[in-house]
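# Observations on chain architecture
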Amino acid sequence: MPIAAILPYWEFAKKAFAREVTYRFEVFTSVGSLVLRIYLLRCLWTALYAQNAAPLNLPLHAMITYATVALLMSLVLEIDGTRLIREKLREGTIATDLMKPISLPFYFFSDGAGRTLLYGVLVVPTLLCALLLVHIDVPAPRALGVFALSFLIAYCVNFLLNFCMNAIAFWTLETFALQLIVRWVSDLLSGQIIPLTLFPGVVGRLLFALPFAAIYSTPLLIYVGIVSPRQWGTALAVQLLWLAAFSLLAGAIWRAASRRIVVQGG
Amino acid sequence: MRAVLSTPIIETVDLRKVFRSPRRQPGALGALRTLFTREYEERVAVSNVSVSIQPGELVGYIGPNGAGKSTTIKMLTGILVPTSGELRVAGVVPFEHRSQNARNIGVVFGQRSQLYWDLPLVESFELLRAIYTVPRDRYRRNLDEFVALLEMEDFLRTPVRQLSLGQRMRGDFAAALLHDPKIVYLDEPTIGLDVVAKEAIRAFIARINAERETTIVLTTHDLADVERLCRRIVLIDRGALIYDGDVERIKSEYGRYRTLVVHFAQPVASPSLTGAELVAHDGTTARLRFDRNRERADLLIRQASERYPVEDVSIEEPDLESIIRRIYREGYERQHEEAPT
């Protein structure tokens, strides 16, 4: 792709970053609440582990590491760049965007990425604050690298999932209730709160087969070492499979949506 | 039929758009039924409109609310797919090649801004430069020209949400033209502006059309815009085309009737003149309508001063506003047949 074709999206990302910085208060509160949640989860898991036999492959320190890294990931993954679709549909401003020679899905992606970048930077101070309260394990550099790669794929899967959800607004105009449900379900089933390895038998196997696992569970299990280096290839391949599946789905939804655009008002 | 001078830059043939929406049932139970039934009602927004516009024309696209103006513009910009008919803008079918079409057009909506709300005005321009990949020197030249013409120097660094409506409109005009579009759609560009700001915008539109030979389609309710700017108007009502031609022609066809306004020195009871019809009277002022093809104004004035103590007289030409209002009320065709040409 020529540079000129990417340039607008780079600018969108920069502008989103600049815009987000102006909402300083929101940024600081989200970091504060995250540090608090990290501390609360440490207390919770410590209490739970004191009462029960620890699972073999997930001792307390690994569990706290898991929970802390999961929360740090959520700083970035909970940014919903495609929320813009809903806002723009409701306000009717999507019409003016469609009159520009840009790809709207890429516009949403770059806008989201710009905001993400800001929160990505915030991971550092949050981590430093968190380290005063909890101790987390750091894996070998190679595992860390694979984790980063897996996290990148997870970010894209998460974006596409959000995109599909928000694009439903083209038909219903409002998707808030649906999104709330999907958010709850995915928080629970993606391994953000409870590692999927703790779910027993069939339920556990089913959860690993769902796309939500590709968002939190896979990178986290790589980080804490439950997915061993021998299994890295398979884990990443499954993630990529979901990425491909969601790309196709998002593409189909977008094509159908652009066909039926009926701008509200105006 | 209008003579074909060159290939039209905008051309529609039997353009039609029908909206389908679920039929709503009244009441709370009805609302529930609306959720589950698949009954639709159809509304024809644009009905078989055929128009062709030459490069460099400045056309007024006029119609009452709900006549189908915005729907047409949306189809021309490629964001709405026609139900049937043909449509070509600068050689491109807009909805099939939305992105390619977008490079050829600029759009200004009076009621909706395309500027980025949270950013200083100039940053919106820079973003647009990137979006349309405008070369830096051309961007610089255009921006300097627009800043000077529209007097934007003072608020170039102000966030858009803090701009006044007049300032924002000027910003929107610059934003729509930075990439030198061949065609510009203006939708109510002077709505809500004061007289001075309106005139500034009109002068700018005229200048762009003349100097850059930009084709302009102007949609407005303010017919003073049209009178000042357009030679040609396209009138639609209830989705259908009812007039397409010169502003002057419609004025002479409909402008047969002039009004003679007579002020008397003392109150006069029921004044009357041969050849003119009294339309309003309040004692000292009378308004009399006459057909300019049949009566001569100077003779009527002489007649009036012979009969009554006349202090002052004036003649009112019909303005476009009253003509168009009459067309909406009475329809074009009937009047057209009556009018001698």
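Just so we're clear, the structure is a prediction, and the values are computed from it rather than from any experiment.

### Here's the deal with the packing of aromatic side chains
- Evaluation of the coordinates by the stated rule reveals 15 aromatic pairs over all chains.
- The interplanar angle of 70° and the centroid separation of 6.1 Å between the aromatic rings of A:Phe109 and A:Tyr155 together place this pair among those described as edge-to-face. On the criterion of sequence distance, the pair formed by A:Phe109 in helix H6 (residues 104-133) and A:Tyr155 in helix H7 (residues 141-167) is long-range, its members being 46 residues apart.
- Seen from their ring centres, A:Phe163 and A:Trp254 are 5.9 Å apart, and the 55° between their planes marks the pair as tilted. Separated by 91 residues along the polypeptide, A:Phe163 in helix H7 and A:Trp254 in helix H12 (residues 232-259) bring together distant segments of the chain.
- Since its relative accessible area comes to 2%, A:Phe163 is described here as buried.
- For A:Trp254, a relative accessible area of 13% corresponds to the buried category.
- Grouped by ring-pair contacts, the aromatic residues A:Tyr9, A:Phe12, A:Phe106, A:Tyr107 and A:Phe108 constitute a single cluster.
- If you follow B:Arg129 out to its NZ or CZ, it ends over the ring of B:Tyr139, 5.9 Å from the centre.
- One residue, B:Arg289, lies across the ring of B:Tyr257, its end atom 4.1 Å from the ring centre.

### Focus on the domain arrangement of chain B
- Segmentation of chain B into domains returns domain 1 (10-251) and domain 2 (256-317).
- Spacing between the C-alpha centres of domain 1 of chain B and domain 2 of chain B amounts to 44 Å.

### Thoughts on the confidence of the model for chain B
All names here are of chain B.
- On average, residues of chain B score 87 in pLDDT, and 91% of them reach the 70 mark or higher.
- Ranking the elements of chain B by mean pLDDT puts helix H12 (residues 332-338) last, at 50, and strand S7 (residues 215-219) first, at 96.
- Predicted confidence is poor over residues 334-341, with pLDDT under 50, and the contacts of this stretch with residues over four places away or in other chains come to 12 contacts.

### Comments concerning the packing of helix H4 (residues 121-131) of chain B against helix H6 (residues 165-177) of chain B
All names here are of chain B.
- Two numbers describe how H4 lies on H6: the axes approach to 10 Å, and their chain directions differ by 15°. The orientation of H4 with respect to H6, classified from their angle, is roughly parallel. Both H4 and H6 take part in a crossing whose hand is right-handed. Touching Leu121, Phe125 and Leu128 of H4 are Gly171, Ala174 and Ala175, all from H6.
- Taken together, the residues that form the contact of H4 with H6 break down as five nonpolar, one polar and no charged.

### Here's the deal with helix H11 (residues 320-330) of chain B
Residue and element names in this part refer to chain B.
- Among all positions in H11, only Leu320, Ile323, Ile324, Arg326 and Ile327 are buried. An end-on view of H11 places all buried positions within 160° of arc, on one side of the element.
- Residue Gly331 follows H11 closely and has a positive phi angle near 85°.

### Comments concerning the interface of chain B and chain A
- Tallying the contact residues gives 26 residues for chain B and 26 residues for chain A.
- When the two sides are added together, the surface that chain B and chain A hide from each other amounts to roughly 2500 Å², 64% of it contributed by carbon and sulfur.
- Contact with chain A buries surface across chain B, with B:Ile79, B:Arg98 and B:Arg112 losing the most and accounting together for 25% of the total.
- Where B:Glu123 meets A:Lys15, a salt bridge forms, and the shortest distance between an N and an O atom there is 3.7 Å.
- Counting across the chain B and chain A interface gives four residue pairs in polar contact (both at pLDDT 80 or more).
- The set of elements that each furnish at least two residues to the side of chain B that touches chain A consists of helix H2 (69-77), helix H3 (98-104), strand S5 (105-109) and H4 of chain B.

### So, the nonpolar core
All names here are of chain B.
- Ranked by internal contacts, the top residues of the largest apolar core, which has 160 residues, are Phe125, Met152 and Tyr185.
- Contacts of Met152, omitting those with residues within four sequence positions, involve Leu121, Phe125, Phe146, Val147, Arg170, Gly171 and Ala174.
- Among the nonpolar cores identified, the runner-up in size contains 13 residues, and Phe264, Val268, Leu273 and Leu288 belong to it.

### Considering the pairing of strand S10 (residues 257-264) of chain B
Residue and element names in this part refer to chain B.
- Where S10 and strand S12 (residues 285-291) come together, seven bridges link them in antiparallel fashion. When the bridges of S12 are listed, Val261 appears paired with Arg287.
- Across six bridges, the pairing between S10 and strand S13 (residues 310-316) is antiparallel. When the bridges of S13 are listed, Val261 appears paired with Ser314.

The rules behind each value
- Residues numbered from 1 in each chain as written.
- Chains lettered and ligands numbered in written order.
- Predicted model: local features only at pLDDT ≥ 70, side-chain atom pairs only at ≥ 80, totals over all residues.
- Heavy atoms only, no water.
- Phe/Tyr/Trp six-rings, centres within 6.5 Å; stacked < 30°, edge-to-face > 60°.
- Helix = DSSP H or I, 4+ residues; strand = E, 2+ residues; numbered from the N terminus.
- Buried < 20%, exposed > 50% of the residue type's maximum accessible area, 1.4 Å probe, protein only.
- Lys NZ or Arg CZ within 6 Å of the ring centre and 35° of its normal.
- Domains from an automatic or database assignment.
- pLDDT = per-residue confidence, 0-100.
- Contact = heavy atoms within 4.5 Å.
- Axes fitted to C-alpha atoms, helices over the stretch in contact; angles between N-to-C directions.
- Parallel < 35°, antiparallel > 145°, perpendicular 65-115°, else oblique.
- Left-handed = near helix turned anticlockwise from the far one by under 90°.
- Nonpolar A, V, L, I, M, F, W, Y, C, P; charged D, E, K, R; others polar.
- Arc of directions from axis to C-beta.
- Buried area = accessible area lost by both parts, 1.4 Å probe.
- Salt bridge = Lys/Arg side-chain N within 4 Å of Asp/Glu carboxyl O.
- Polar contact = N/O pair within 3.5 Å; in protein donor to acceptor, adjacent residues only side chain to side chain.
- Core = buried A, V, L, I, M, F, W, Y, C linked by side-chain atoms within 4.5 Å.
- Pairing = 2+ DSSP bridges.

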